[in-house]
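Each chain, letter by letter, is given below.
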Amino acid sequence: MTSQHGNAKYLKDYQPPHFFIDTLTLDVDLQPTQTTVYARSEVRSNGANPANDLVLDGIDLTLKEVKVDGHTFTNYDINDEQLLLRDVPQHFVLEITTACSPQTNSSLEGLYLSDGAYCTQCEAEGFRKITYFLDRPDVMAEYEVTIKADKAQFPYLLSNGNKIASGDLADGRHFATWHDPFKKPSYLFALVAGDFDVLRDSYTTVSGREVALELYVDKGNLSKAPHAMASLKRAMQWDEQRFNLEYDLDVYMIVAVDFFNMGAMENKGLNVFNSKCVLANEETSTDRDFHLIESIVGHEYFHNWTGNRVTCRDWFQLSLKEGLTVFRDQEFSSDLGSRALNRIDAVKVMRTHQFAEDAGPMAHPIRPEKVLEMNNFYTVTVYDKGAEVIRMLHTLLGEQGFQKGMQCYIERHDGQAVTCDDFISAMSDANGFDASQFKRWYSQSGTPQVHVQEQFDAQQQQYVLTLSQHHSPTADQPSKDNLLIPVAIELLDSQGKALSLNAHGVADNVLQLHQSEQQFVFDNITERPVAVLFEDFSAPVKVQFEQSLNDQLHIVRHASSDFSRWDAQQSALSGCILDELGRGEKAQLDEAVLATLSDLLNAALAGQEHDLALVAELLQLPSFDTLSAHFEQVPVDAITAVTEAFAQQIAEHLQVLLSEVVTQLSDDKQQSQQSVAKRALLATCMGYLARVDTQLEFIETQAHQGSMTLSLAAIKALILAQHPRSSAMLDEFAARWQHDTLVMDKWFNLQALRKGSDSFANLTRLYQHPHFSWRNPNRVRALIGAFAMSNPTQFHAKDGQGYALLGDALVKLNDINPQNASRLITPLLAWRRFDSTRQQLMKEQLERLKVLPKLSKDLFEKVDKALSE
Ligand code: TRP
Ligand code: ZN
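So, how was this worked out
Residues numbered from 1 in each chain as written. Chains lettered and ligands numbered in written order. Predicted model: local features only at pLDDT ≥ 70, side-chain atom pairs only at ≥ 80, totals over all residues. Heavy atoms only, no water. Near = heavy atom within 4 Å. Polar contact = N/O pair within 3.5 Å; in protein donor to acceptor, adjacent residues only side chain to side chain. Helix = DSSP H or I, 4+ residues; strand = E, 2+ residues; numbered from the N terminus. Nonpolar A, V, L, I, M, F, W, Y, C, P; charged D, E, K, R; others polar. Contact = heavy atoms within 4.5 Å. Salt bridge = Lys/Arg side-chain N within 4 Å of Asp/Glu carboxyl O. Buried < 20%, exposed > 50% of the residue type's maximum accessible area, 1.4 Å probe, protein only. UniProt positions renumbered as here; feature names shortened; annotations may be inferred. Donors = N, O, S within 2.8 Å, 3.2 Å for Na, K, Ca; no water. Pairing = 2+ DSSP bridges. Axes fitted to C-alpha atoms, helices over the stretch in contact; angles between N-to-C directions. Expected span 1.5 Å × (residues − 1). Phe/Tyr/Trp six-rings, centres within 6.5 Å; stacked < 30°, edge-to-face > 60°. Lys NZ or Arg CZ within 6 Å of the ring centre and 35° of its normal. Lys, Arg positive; Asp, Glu negative; His and termini not counted. Core = buried A, V, L, I, M, F, W, Y, C linked by side-chain atoms within 4.5 Å. Disulfide = S-S within 2.5 Å.

**Looking at the site of ligand 1**
Alright, step 1. Within the structure, ligand 1 sits among 15 residues, and Glu123, Ala264, Glu266, Glu300 and Tyr383 are positioned closest to it.
Alright, step 2. Here a nitrogen atom of ligand 1 and a side-chain polar atom of Gln121 are 3.2 Å apart.
Alright, step 3. Between ligand 1 and the protein, one listed contact pairs an oxygen atom with a side-chain N or O atom of His299 at 3.3 Å.
Alright, step 4. Going through the elements one at a time, β20 (264-265), α2 (287-302) and α3 (318-336) are the ones with two or more residues in the shell around ligand 1.
Alright, step 5. Residue classes in the shell around ligand 1 are distributed as 5 nonpolar, 5 polar and 5 charged.

Below is the structure:
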């Protein structure tokens, strides 16, 4: 590749480092535009792979001084990204003094200021913005960190590990020194200095050690801290019980900051969280917020073993920690809450976002092979498909076998920086499992397709399933191999009872598809069964199976897996939408589907459905993105026309029942699983009722004084129904919540969903809103991200206004925060999948970015890929 951005890195070129750094002493003197960092390290040659020159990474640093073994050192070269020290000894003490400017650092990477507090973000390659270093995860050091700052302004000085000293300095300043006994890569370093309210608690580990738990929040936010604290304690206990993993330091700290590029960061002993992913109380937060916070607090905690104690050799191995840790946080949520609902959430992410990534220019395997900007590979593929790959292993090995493999992995590699291959080896060695074919899931990109045919022979009393796997080329990989695909199944008889597969000659309910085509034969079958395939989404594939609507609805009624009931319902609804696509607004939803929906509501009203949250899911049409995945060229207008028509028909047909639900179920505003489920159903019902102007009083009451969950759901229902009352409701909501930034993000979110031709002007007007800020990623995502990702009709407006709006924003964000810009560009990358008019308009925006004089590496990598060939 030729570009202004140097060359991409390849997995195949991995070389161990020439030098190791075993200890690092940092002395950080915090000043807004002139922070001085003194770094003393013990450097040792890698005897197996020696060199004379030491090349250190460093960006946006001012070099003040270099010393080698106590003597000033001048034999170096320096450029924008590296410091090259010539002819250094094989073992020496290196001292480097540099300066950086947190106040002007708007990238939110390295050391920066978030609303007056100093904080750091080093993953993946941000440590090099703090000091010159071997900023790669296979260089692990023991850290001792001294922080100095003004005492009144920054009473709390925090870093990884344990505080070993603190005291006052001259001029009203003070210091604290921290020591982290565990060796770690630089990406896990963290430093925080600020003034906070602190929620303190403690946890006694399974072996009886007491751990201090501390949650640091902005002054005045203490009421929003208890949920995260309770989540943390649940996570600590769950990891002991399910994975036999115990916490290892005496203190665990979490800091909430407002300016943050991602959700949260697992720095050793000192997690930094986006305030949106940690702060919640019953007044200001939705049920989703509570759930999300519990899962992210868990996720970061679980990294302590899968990520920190055992870390990644290089960034191509990111899924080693992220896929595994997402799997662990999903299991945590499922063990504590509803397994089916958690599975539905995870599968929606796969089908809407991950399948789209595979189908676009950024397609990559869960272990990428080529990277220009690492920040671009924190993707749904690495994280969520990575977790699906771990889940397949779990399905194949069983819980016991999986845990045996985990134990082997941790025992072998504690304290090391390792690879995905090391993980697979541990799993296969512990279980005698031949992983040679399974491993291809790590190197092969794309969404496999599985075709299914069924045959029933009444005479032979045989039922035969023929499965075949198909792999299309992706942008990154022309040819593919067959994979080992676990296919969990259930066969239902006409009464809806599950057949015992054992009695029909099949030993396991998980079929293993490893060849191009295989037949699975079931004997002694007297009537044609209904097959539930890929139960619980047992593999991340697309399934092609001409199953009749009747069979699908039979599964909705009878499958043992609640997930599979939902899955069949989605297939049935998608099938109906695709069948009627040509009819646009005149599309008619099948009577049988409408009948199933009323049965479902009747059952819910009669207390015969045990999980109302599942009922809520069963009532919902597939999303625009899910439907898009069925097409190579997405018929935007037809999809929206048919889904709108169906939504209207459901609303009209079920009006009475939906109305009965909202009068019968009352929200007690509690946090129990049942109350949450009730609200989920109420929210779905309001979505339909707003379309037929029924129960308007109920909806408005919820908007005004309902729980945050229902207040937002009510307003959203009015907006999506383009109801004339929606504007007034939005205004009223803003007046009520303008003092709370996180709640105002929810309001921006709703604004972004508005339809109609004035929606663009409305959005750009909101750029001037006192709460909006281009520098804060939460604000940008709440408004512009939500518009581009969740408002397909407006984003894809035929005149290109939606694309231009995003293009304008990206031009601006490219300078301020390239990481944030790069996350936002996603919907434009799919330009080839739209009609020629839209293609042209989307491409124009990409071309406009391509020629920006200071295009960031982050955007360059994506734009370049999207436009090439
Ligand atoms: N490791 C973090 C997680 O999975 C992700 C993360 C946080 C991150 N901040 C980041 C990744 C900044 C890249 C850049 O929880
Ligand atoms: Zn993670």
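**Some words on the side chain of Asn261**
Alright, step 1. Within the secondary structure, Asn261 sits in the loop between β19 (251-257) and β20.
Alright, step 2. Side chain to side chain, Asn261 and Gln819 meet in a polar contact 3.4 Å long.
Alright, step 3. If we ignore the near neighbours within four places in the chain, the residues touching Asn261 are Ser107, Leu108, Pro777, Arg781, Asn817, Gln819 and Asn820.

**Re the pattern of salt bridges**
Alright, step 1. In this structure the tally under the stated criterion is 63 salt bridges.
Alright, step 2. The partner of Arg343 in a salt bridge is Glu388, with the nearest N and O atoms 2.7 Å apart. One end of the pair, Arg343, is in helix α4 (residues 339-358); the other, Glu388, is in helix α5 (residues 380-413), and 45 residues separate them in sequence. Across the pair, Glu388 and Arg343 agree in class, each one buried.
Alright, step 3. Asp667 is the partner of Arg679 in a salt bridge, and the nearest nitrogen-oxygen pair spans 2.8 Å.

**Here's the deal with the UniProt feature "domain: Peptidase M1 alanyl aminopeptidase Ig-like fold" (unreviewed entry) in the chain**
Alright, step 1. Using the residue numbers shown here, the UniProt feature "domain: Peptidase M1 alanyl aminopeptidase Ig-like fold" (unreviewed entry) corresponds to residues 446-545.
Alright, step 2. Strand forms 42% of residues 446-545 and helix 0%; the C-alpha atoms that close the span are 19 Å apart.

**Thoughts on the coordination of the zinc ion (ligand 2)**
Alright, step 1. Each protein donor to the zinc ion (ligand 2) is listed here as His299 (NE2), His303 (NE2), Glu322 (OE) and Glu322 (OE); together their distances run 1.9 to 2.7 Å.
Alright, step 2. For the zinc ion (ligand 2), the single-chain donor residues occur in sequence as H-x3-H-x18-E. Taken together, the positions of His299 in helix α2 and Glu322 in helix α3 put the pair 23 residues apart, joining distant regions of the chain. Across the pair, Glu322 and His299 agree in class, each one buried.

**Side note on the sheet that holds strand β25 (residues 449-457)**
Alright, step 1. Taken together, the 4 strands give an open sheet; going across it, the order is β30-β26-β25-β32, and neighbouring strands pair in mixed fashion. The open sheet has two edge strands with one neighbour each: β30 (517-522) and β32 (542-545). Across the sheet, the mean angle separating the axes of adjacent strands is 20° when strand polarity is ignored.
Alright, step 2. As paired strands, strand β26 (residues 462-470) and β30 are joined by 6 bridges and run antiparallel to one another. Its bridge partner lying in β30, Leu465 is registered against Phe520.

**Overview of helix α1 (residues 226-243)**
Alright, step 1. End to end, α1 covers 25 Å across 18 residues, agreeing with the expected 26 Å (1.5 Å per residue, within 8%).
Alright, step 2. Among the residues of α1, those classed as buried are His227, Ala228, Met229, Ser231, Leu232, Ala235, Met236, Trp238, Asp239, Glu240, Arg242 and Phe243.
Alright, step 3. Remark: Asn244 follows α1 within two positions and exhibits a positive phi of approximately 60°.

**Observations concerning the UniProt feature "domain: Peptidase M1 alanyl aminopeptidase C-terminal" (unreviewed entry) in the chain**
Alright, step 1. According to UniProt, the feature "domain: Peptidase M1 alanyl aminopeptidase C-terminal" (unreviewed entry) maps to residues 551-867 in the numbering used here.
Alright, step 2. Span residues 551-867 is 71% helix and 0% strand, its end C-alpha atoms 43 Å apart.

**Overview of the packing of aromatic side chains**
Alright, step 1. Taken as a whole and judged by the stated rule, the model has 32 aromatic pairs.
Alright, step 2. An angle of 45° between the planes, with centres 6.3 Å apart, marks the rings of Phe733 and Trp737 as tilted. Here Trp737 and Phe733 lie together in helix α17 (residues 726-737), a separation of 4 residues that amounts to about one turn.
Alright, step 3. With relative accessibility at 8%, the residue Trp737 sits in the buried group.
Alright, step 4. Each residue in the set Trp238, Phe243, Tyr247, Tyr252, Tyr301, Phe302 and Phe332 is aromatic and connected to the rest through ring pairs, giving one cluster.
Alright, step 5. Across from the ring centre of Tyr14, 3.6 Å away, lies the NZ or CZ of Arg313, which sits over that ring.
Alright, step 6. It is Arg328 that lies over the ring of Phe243; its NZ or CZ is 4.6 Å from the centre.

**A few points about the side chain of Glu95**
Alright, step 1. Within the secondary structure, Glu95 sits in strand β9 (residues 91-100).
Alright, step 2. Of the buried charged residues, Glu95 lacks a salt bridge, with Lys67 as the closest side chain of opposite charge at 5.0 Å.
Alright, step 3. Polar side-chain contacts of Glu95 include one of 2.7 Å to the side chain of Tyr38.

**A few points about the sheet that holds strand β4 (residues 54-57)**
Alright, step 1. Read across the sheet, 3 strands follow the order β4-β8-β7 without closing on themselves; strand pairing throughout is antiparallel. Each edge of the sheet is formed by a strand with only one pairing partner; in this case those strands are β4 and β7 (76-78). Shown here is a sheet whose adjacent strand axes are inclined to one another by a mean of 15°, direction ignored.
Alright, step 2. Examined bridge by bridge, β4 and strand β8 (residues 82-85) share 4 bridges and lie antiparallel to one another. The residue of β8 that forms the bridge with Val55 is Leu84.

**Some details on the nonpolar core**
Alright, step 1. Residues Leu54, Leu94, Phe423, Phe438, Ile485, Phe522 and Ile784 are the most contacted members of the largest nonpolar core, which totals 296 residues.
Alright, step 2. The element that contributes the greatest number of residues to this core is α5, accounting for 14 residues.
Alright, step 3. For Ile784, the contacting residues outside a window of four places in its chain are Tyr767, Phe772, Trp774, Leu806, Ala809 and Leu824.

**Describing the pairing of strand β11 (residues 117-121)**
Alright, step 1. Among the 5 residues of β11, 5 are classified as buried, and the element is accordingly described as predominantly covered.
Alright, step 2. Of the two faces of β11, the one lined by Ala117, Cys119 and Gln121 and the one lined by Tyr118 and Thr120 are each fully buried.
Alright, step 3. Pairing of strand β10 (residues 110-114) with β11 involves 5 bridges; the strand directions are antiparallel. The residue bridging Ser114 from the neighbouring strand is Ala117, located in β11.
Alright, step 4. Linking two consecutive strands that pair antiparallel, namely β10 and β11, is a turn of 2 residues; a positive phi of about 50° is found at Asp115 within it.

**Structural notes on unusual backbone geometry**
Alright, step 1. Of note, the amide linkage connecting Glu123 to Ala124 takes the cis form, showing an omega dihedral of -5°.
Alright, step 2. Mapped onto the elements, Ala124 comes out in the loop between β11 and β12 (140-150).
Alright, step 3. The backbone phi angle of Phe534 is positive, close to 50°, even though this residue is not glycine.
Alright, step 4. With respect to the helices and strands, the residue Phe534 is situated in the loop between β31 (530-532) and β32.
Alright, step 5. Look at Phe534 and you get buried, because its relative accessible area is 3%.
Alright, step 6. At Gln722, a residue that is not glycine, the phi angle is positive and equals roughly 50°.

**Observations regarding the state of the cysteines**
Alright, step 1. Within the structure shown, the criterion is met by 0 disulfides.
Alright, step 2. Left without a disulfide partner, Cys312 is nearest to the cysteine sulfur of Cys420, which lies 7.3 Å away.
Alright, step 3. Its relative accessible area of 1% is what places Cys420 among the buried residues.

**What to know about helix α16 (residues 708-720)**
Alright, step 1. Its 13 residues place the ends of α16 18 Å apart at the C-alpha level, agreeing with the 18 Å of an ideal helix rising 1.5 Å per residue.
Alright, step 2. Along α16, the positions that sit buried rather than exposed are Met708, Thr709, Leu710, Ser711, Leu712, Ala713, Ala714, Ile715, Ala717, Leu718 and Ile719.
Alright, step 3. On its buried face, α16 is in contact with α2, α14 (673-689), α15 (696-705), α17 and α18 (741-752).
Alright, step 4. Phi turns positive one or two residues past the end of α16, at Gln722, with a value near 50°.

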